Amino acid sequence: MKIQTTFERYELKYLLDPEQKRLLLAAMDSRMTLDEFGRTAIRNLYYDTPDYRLIRRSLERPAYKEKLRVRSYRTARAGDTVFVELKKKYRSVVYKRRIPVQRDEAMACLRGERDFAPGQVAREIEYFRDFYATLRPRVFLSYEREAYAPLDDGDLRIPLDENILYRTDGLSLGAEPGGEALLAPGHTLLEIKTGGGMPLWLTHLLCSAGIGRCTFSKYGAAYRRMAGQGLRRYA
């Protein structure tokens, strides 16, 4: 499987109740199929400064924002491959750059103990690491995802995320998922990712099912929850 390392696209988000999810799955049945990752339990480590500079800036909804995370699609043991991802957003367009790295190598590189293997994306991540010199893992965030791609091989991607959990301890991709839930029981986060327009069938489905767009950042929602509990616990 060829690993894609750069992305440029729009990412639209919606919260679904169980009936809306049923209608969406029915509409996708003859048009979409599970992508190469299929059903996965995604784990993320979000990096930030001690004062949470990156996520606080992001929640101000500026024209430009950026974040750094490490992602795995299963419990990552020593020697397993994870993805170091630099995600930027400028005027509604998301630019994601990522590199596959062995788990322990990724952690050492992000601590500044060594550099990544040569490459343009690696240099961008190293610049980000060095610019924000106090970056450390701050939040472990996991969720169960079903990711769909069109049968005609277009660029549309539709992930459905459930059981979104966060915690501020056990900050290792080798740990099992667990933590506090960010969604109400039975609800699903839908993301529509596309480099261009949305197909008419999908537009019609969103309208007829009463599915409206929302602004939902998983890390942002976790930070708001943490702030409500008193951030001094997490510094």
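Refer to the structure printed above.
Here's a quick rundown of the structure. (Residues numbered from 1 in each chain as written. Predicted model: local features only at pLDDT ≥ 70, side-chain atom pairs only at ≥ 80, totals over all residues. Heavy atoms only, no water.)

1. Topic: the overall build of the protein
- When helices and strands are tallied, the protein shows six helices and ten strands.
- Since a compact globule built from 235 residues should have a radius of gyration of about 18 Å, the 18 Å found for the protein is in line with a globular shape.
- Taken along the three principal axes of its C-alpha coordinates, the protein extends 50 × 40 × 35 Å.
- A total of 235 residues make up the protein; the buried ones form 49% of that total. (Helix = DSSP H or I, 4+ residues; strand = E, 2+ residues; numbered from the N terminus. Rg over C-alpha atoms; globule rule 2.2 N^0.38 Å. Buried < 20%, exposed > 50% of the residue type's maximum accessible area, 1.4 Å probe, protein only.)

2. A closer look at a nonpolar patch on the surface
- A contiguous nonpolar patch, built from Tyr64, Tyr90 and Tyr95 and spanning about 270 Å² of accessible area, is present on the exposed surface.
- Overall, the relative accessible area of 34% leaves tyrosine 64 in the partly exposed class. (Patch = residues over 30% accessible without salt bridge, like charges linked within 9 Å, V, L, I, M, F, W, Y side chains within 5 Å. Areas by Shrake-Rupley, 256 points an atom, 1.4 Å probe, with all protein chains shown as cover. Salt bridge = Lys/Arg side-chain N within 4 Å of Asp/Glu carboxyl O.)

3. Re the environment of glycine 197
- Here glycine 197 shows up in the loop between strand S9 (188-194) and helix H5 (200-208).
- The spacing of glycine 197 and leucine 156 is 41 residues in sequence and 9.0 Å in space, taken between C-alpha atoms.

4. A look at the side chain of lysine 21
- You can see lysine 21 is positioned in helix H1 (residues 18-28).
- You can call lysine 21 buried: its relative accessible area is 16%.
- Among the polar contacts listed, one links the side chain of lysine 21 to the side chain of glutamate 162, at a separation of 2.7 Å.
- The contact partners of lysine 21, leaving out residues within four places of it in the chain, are Leu16, Leu160, Glu162 and Thr188. (Polar contact = N/O pair within 3.5 Å; in protein donor to acceptor, adjacent residues only side chain to side chain. Contact = heavy atoms within 4.5 Å.)

5. Examining the packing of aromatic side chains
- In the structure shown here, the tally under the stated rule is seven aromatic pairs.
- Here tyrosine 73 and phenylalanine 83 contribute two aromatic rings whose centre-to-centre distance is 5.8 Å and whose plane-to-plane angle is 85°, an arrangement assigned as edge-to-face. Residue tyrosine 73 is found in the loop between strand S3 (64-72) and strand S4 (81-90), and its partner phenylalanine 83 is found in strand S4; the two are separated by ten residues along the sequence. Of the two residues examined, tyrosine 73 and phenylalanine 83, each falls in the buried class.
- The side chain of lysine 96 reaches across the aromatic face of phenylalanine 7, ending 4.7 Å from its centre.
- Directly above the aromatic system of phenylalanine 83 lies the positively charged group of arginine 98, at a separation of 4.2 Å from the ring centroid. (Phe/Tyr/Trp six-rings, centres within 6.5 Å; stacked < 30°, edge-to-face > 60°. Lys NZ or Arg CZ within 6 Å of the ring centre and 35° of its normal.)

6. Points about the nonpolar core
- If you look at the biggest cluster of nonpolar residues, it comprises 24 residues, and the most contacted ones within it are Leu68, Val84, Phe116 and Ile125.
- Of all the secondary-structure elements, those providing two or more residues to this core are strand S2 (32-48), S3, S4, strand S5 (93-102), helix H3 (103-110) and helix H4 (120-131).
- Sequence-distant contacts of valine 84, that is, excluding residues within four places in its chain, are made with Leu68, Arg69, Val70, Arg97, Arg98, Ile99, Val101, Ala106, Leu110, Phe116 and Ile125. (Core = buried A, V, L, I, M, F, W, Y, C linked by side-chain atoms within 4.5 Å.)

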